[in-house]
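# Residue-level structure breakdown
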Amino acid sequence: MAIASVQRVNRPAQLHSRPVTKLPAPAWRRALVAIAIALYLLLVLAAWTTGSEPLSAACVALLVTAVLAQPMLARKAWAWICWLILGSGLLVLSLNGYGRIALDLVPVLINVALAILFGLTLRRASTPLIARAICAIEGPEHLKLPRVAGYARALTIAWTCLFLIQAFLLVLMLVWWLPSIAENERLHSWGMNYVHIGGYLLPAAFMAIEYAFRRWYLRHLPHVPLHVFLQKLVQNWHGLLRDSAHGTQGKS
């Protein structure tokens with residue numbers, strides 16, 4: 001009896017391992033995106049204040065890498081080819097003292113890319129990007145309500161035109177207007193501020209104006225607050241990149 005009790009006492013207790021809490025995938029992805037954006041803005045600020053050509057090229061290299069990261073990790077050959085070509089071009093520009101030009105062209109490339117993104121969804125066999133946003137945020141049944149599908153297509157056309165016009169304006173400023181102004185003049189500084197700051201504020205202002213117009217034009221429908229709409233848009237951005245069957249139903 002004593003031996004049995006000793007054996008029971010000396011028996012190692014079972015350890016109950018606590019489950020390791022992992023950060024949900026969307027959360028760490030959002031954190032990674034936030035870190036990348038913060039790093040990019042810090043590099044842009046440093047390149048802007050110091051006038052460093054290598055830092056300017058590094059800003060563009062970071063942006064290109066962030067854009068192509070997902071297909072590169074998926075071992076897509078076209079993504080690696082684009083990254084190598086763009087990286088080689090940035091290196092050549094930086095070594096020849098033209099790294100700042102690459103940084104100045106970033107707003108132009110962003111507007112062109114967004115115009116292509118919106119414009120390609122206007123094809124006959126595709127669903128307009130705004131219609132995809134409505135399906136991803138408010139559900140496909142919302143797109144079937146009166147006047148919603150037509151408004152979604154018209155708004156997609158408006159965004160495409162806005163980005164195309166702004167890209168053309170930025171090219172005109174960088175190639176023709178700003179080179180004719182001395183760099184020490186205030187007008188030149190204002191122009192560069194518009195290229196790198198105002199070019200992003202204009203779409204934000206357009207979004208706010210469009211939201212106010214939408215509430216009036218579609219006043220027969222309920223509307224979520226703007227901050228809620230933007231929050232859901234960020235959370236469901238992946239739904240905009242694929243033309244799902246739900247989005248296609250909304251075109252009818």
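As a starting point, this report considers the structure included with it. (Residues numbered from 1 in each chain as written. Predicted model: local features only at pLDDT ≥ 70, side-chain atom pairs only at ≥ 80, totals over all residues. Heavy atoms only, no water.)

## A closer look at the packing of aromatic side chains
This is how the line gets drawn: Pairing of aromatic rings covers Phe, Tyr and Trp, the last counted by its six-membered ring, and requires centre-to-centre distances within 6.5 Å; plane angles under 30 degrees mean stacked, over 60 mean edge-to-face, and any other angle means tilted. Numbering of helices and strands runs from the N terminus; a helix is a DSSP stretch of H or I covering at least four residues, while a strand is a stretch of E covering at least two. Residue burial is assigned from relative accessible area. The probe radius is 1.4 Å, only protein chains are included, and a residue is buried under 20% of its type maximum, exposed over 50%, and partly exposed in between. Only when the NZ atom of a Lys or the CZ atom of an Arg is both within 6 Å of the ring centre and within 35 degrees of the ring normal do we say a charge sits over the ring.
Across all of its chains, the model carries nine aromatic pairs by this definition. With 5.7 Å between their ring centres and 45° between their planes, F118 and F163 make a pair best called tilted. Note that F118 is positioned in helix 5 (residues 99–120) and F163 in helix 8 (residues 148–177), a separation of 45 residues in sequence. F163 shares its class with F118; the two are buried. Ring centres of Y151 and F213 lie 6.3 Å apart, and the angle between their planes is 25°; on these two criteria the pair is classed as stacked. Separated by 62 residues along the polypeptide, Y151 in helix 8 and F213 in helix 9 (residues 186–217) bring together distant segments of the chain. Take F213: its relative accessible area is 39%, and that puts it in the partly exposed class. A cation over an aromatic ring shows up here: R147 above the ring of Y217, its NZ or CZ 4.1 Å from the ring centre.

## Observations regarding the packing of helix 5 against helix 9
The line we're drawing: Axes, fitted as lines to C-alpha atoms, cover a helix only where it is in contact. Angles between the N-to-C directions of the axes lie from 0 to 180 degrees. In this scheme, a crossing is called left-handed if the near helix is turned counterclockwise away from the far one by less than a right angle; it is called right-handed if the turn is clockwise. Any two residues whose heavy atoms approach within 4.5 Å are treated as being in contact.
Interhelical geometry of helix 5 versus helix 9 gives an angle of 35° and a closest axis separation of 10 Å. Regarding helix 5 and helix 9, the two cross each other, and that crossing is left-handed. Facing R100, L103, D104, V106, P107 and I110 of helix 5, the residues of helix 9 in contact are M192, V195, H196 and Y200.

## Points about the layout of surface pockets
Basically, it comes down to this: Cavities and pockets are defined on a 1 Å grid built over the protein atoms alone: a cavity is a set of grid points where a 1.4 Å probe fits but cannot escape, while a pocket is an open set with protein on both sides within 12 Å along at least five of seven lines, and lining residues are those with an atom within 4 Å of any such point. Grid points are joined across faces, edges and corners, and a volume is the space filled by probe spheres set on the points. Under the grouping applied here, Gly and all other residues not named as nonpolar or charged are polar, the nonpolar ones being Ala, Val, Leu, Ile, Met, Phe, Trp, Tyr, Cys and Pro and the charged ones Asp, Glu, Lys and Arg.
Taken as a whole, the second largest pocket spans an internal volume of roughly 430 Å³. For the second largest pocket, the lining is made up of 15 residues, of which D104, L174, E183, H188 and M192 are closest to its centre. At the level of elements, helix 5, helix 8 and helix 9 are the ones that each hand at least two residues to the lining of the second largest pocket. Ranked by residue count, the leading element in the lining of the second largest pocket is helix 5, at four residues. Per-class residue counts for the lining of the second largest pocket are 10 nonpolar, two polar and three charged.

## Description of a nonpolar patch on the surface
Heads up, the rule is: For patch detection, residues must exceed 30% relative accessible area and be free of salt bridges, and they are connected within 9 Å for like charges or within 5 Å for nonpolar side chains (Val, Leu, Ile, Met, Phe, Trp, Tyr). Note on areas: Shrake-Rupley, 1.4 Å probe, and residue coverage restricted to the protein chains presented here. The term salt bridge refers to a side-chain nitrogen of Lys or Arg lying within 4 Å of a carboxyl oxygen of Asp or Glu.
There is a patch of nonpolar side chains on the surface, built from L93, Y98, I101, L105 and L109 and spanning about 450 Å² of accessible area. At three residues, the largest contribution of residues to the nonpolar patch is made by helix 5. Position of L93 relative to the elements: it lies in helix 4 (residues 77–95). Classification of L93 by relative accessible area gives partly exposed; the value is 31%.

## Comments concerning the nonpolar core
Rules: We define a nonpolar core as any set of buried Ala, Val, Leu, Ile, Met, Phe, Trp, Tyr and Cys residues linked to one another through side-chain atoms lying within 4.5 Å.
Among the nonpolar cores identified, the biggest contains 19 residues, and F118, I130, I134, L143, V148, A152 and W159 are the most heavily contacted of them. Listing elements by their share of this core, those giving two or more residues are helix 5, helix 6 (129–138) and helix 8. Counting residues per element, this core draws most heavily on helix 8, at seven residues. Ignoring sequence-local partners within four residues, the contact set of I130 consists of F118, A152, L155, T156 and W159. Formed by 13 residues, the second largest nonpolar core is a distinct cluster that contains L90, A102, L103 and V106.

## Side note on the pattern of salt bridges
As enumerated under the stated definition, the model contains two salt bridges in all. One salt bridge connects D104 with R100, and the closest N-O pair in it is separated by 3.6 Å. Within this pair, D104 and its partner R100 are both found in helix 5, separated by four residues, close to a single helical turn. Residue classification places D104 among the buried positions, given a relative accessible area of 12%. The salt bridge involving E210 is made with R214; its shortest N-O contact spans 2.7 Å.

## Details of the side chain of T121
For clarity, the threshold we go by: Under the rule applied, a polar contact is a pair of N or O atoms within 3.5 Å (in protein, one hydrogen donor and one hydrogen acceptor; residues adjacent in sequence only if both atoms are side-chain atoms).
By the element assignment, T121 lies in the loop between helix 5 and helix 6. Residue T121 is classed as buried on the basis of its relative accessible area, which comes to 4%. In terms of polar contacts, T121 uses its side chain to reach the backbone carbonyl oxygen of F118, at 2.6 Å. Apart from residues lying up to four places away in sequence, T121 is in contact with S126, T127, P128, L129, R132 and T156.

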